[in-house]
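# Working through the structure, step by step
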Amino acid sequence: MKRAISVVLSLGLVLLSAGCSVNNDARDEDSKFKVAMVTDTGGVNDQSFNSSAWLGMSNFALRTNTVARYIESAQSSDYIINIDKLADENCNLIWGIGFALADVVKQAARVNPELNYAIADYSYGDDTLDNITSVVFRAEESAFIVGYIAGKTTKTNSVGFVGGMKTVVIDQFEYGFRAGVDYAAKELGKKIDIKTQYAESFSDAAKGKAIASMMFLNGCDIVLHAAGGVGVGVIEAAKESGNFAIGADSDQRHLAPDNVLTSAIKNVGKSVDIVSTKLMNGDKIGGQTMSFGLKEDCVGIPEENPNVAPNVLESAYKVEKLIMDGKIVPPKNIEEYNNFVKNLY
């Protein structure tokens, strides 16, 4: 049994969140390559980050005839318990989905150096352990594109951004989006107001709905969310008010087909598939940070965008090409954003 990083000090049962497996025939599971993930508190059905990760992982298992499994975390205190559970199951690769699990993954990797771990949406930089692979996304690239689309589409010249919590990762969305809106505004020769508010949650859909409803009431006609499950409420508010929301992490148009303008996709699932495949093929993946963006087809917008005007979509694709060619470098934080705006005008 692997050494646990959690210690249970009371007697009784420890209830784990519900888990699910793909290709888990008990007769031969032990002989197969096994990859598993622990979700953050948004859960595997958040229609966003965790959902994308699980889709990629389950597709990987089906494609390679391997085993995939997830465990959901109802609260942050579950992270340690769930990571320990997967370590005891001798998984070949254990994923923490989301930066909230970064500390727990690092602790587990230090305690179990014979196991391989990966963290999505976080980099330990020079402190990355040899058995951890950090995966980060250039989310500012897709955020810039949807910001550009929003700037070209708004009729009220007022758009909004709803974040989950103020973090380095969410900064990528906010400042990439702001820069895209500004870029469109310059092309159009006008000023577009951008309202921003944080929900201090990634799961409170009701709060997301309340924030977005107020933004729509105050003149916004398009709101991007980067807030996990909170974003479901943002989309509901757009549907009820007859405005547009912009989805995040996955194509969220199915949640409100007439009211989701587009989505800033972060294809977590594809990165999970790429990294898991590398390990299965014997590649050395630990001790490094892998960055995924437009060039790797891991961020972008959906293939189908029926709510975006054809001329706007055509222009957005040109902007996408400029980003891929390095002619536009979207900002990922406030310092880079301020420099971007200074050079734009």
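Structural notes, computed from the coordinates. (Residues numbered from 1 in each chain as written. Predicted model: local features only at pLDDT ≥ 70, side-chain atom pairs only at ≥ 80, totals over all residues. Heavy atoms only, no water.)

If you trace the six strands from one edge of the open sheet to the other, you get β8-β7-β9-β10-β11-β13, paired in mixed fashion. A single partner strand is all that each edge strand has here, and the edge strands are β8 (193-198) and β13 (299-300). As paired elements, strand β11 (residues 260-266) and β13 share two bridges and run antiparallel to each other. Counterpart to K266 in the pairing with β13 is V299. (Pairing = 2+ DSSP bridges. Helix = DSSP H or I, 4+ residues; strand = E, 2+ residues; numbered from the N terminus.)

Summed over the entire model, instances satisfying the criterion amount to 11 aromatic pairs. When the centroid spacing of 6.0 Å and the interplanar angle of 75 degrees are considered together, the rings of F99 and F202 count as edge-to-face. One end of the pair, F99, is in the loop between β4 (93-97) and α3 (102-111); the other, F202, is in the loop between β8 and α6 (205-217), and 103 residues separate them in sequence. Considering the side-chain rings of Y122 and Y124, the 5.0 Å spacing of their centres and the 70 degrees angle between planes classify their relative orientation as edge-to-face. Feature note: the residues F144, Y148, Y183 and F340 constitute an aromatic cluster, connected by ring pairs. (Phe/Tyr/Trp six-rings, centres within 6.5 Å; stacked < 30°, edge-to-face > 60°.)

What follows covers the environment of S201. With respect to the helices, strands and loops of the structure, S201 is situated in the loop between β8 and α6. Each C-alpha atom of the pair S201 and G42 lies 9.3 Å from the other, and the pair is 159 residues apart in sequence. Setting aside residues no more than four positions away along its own chain, S201 makes contact with G164, M165, A227 and V230. Separated by 2.9 Å, the side chain of S201 and the backbone nitrogen of S203 make a polar contact. (Contact = heavy atoms within 4.5 Å. Polar contact = N/O pair within 3.5 Å; in protein donor to acceptor, adjacent residues only side chain to side chain.)

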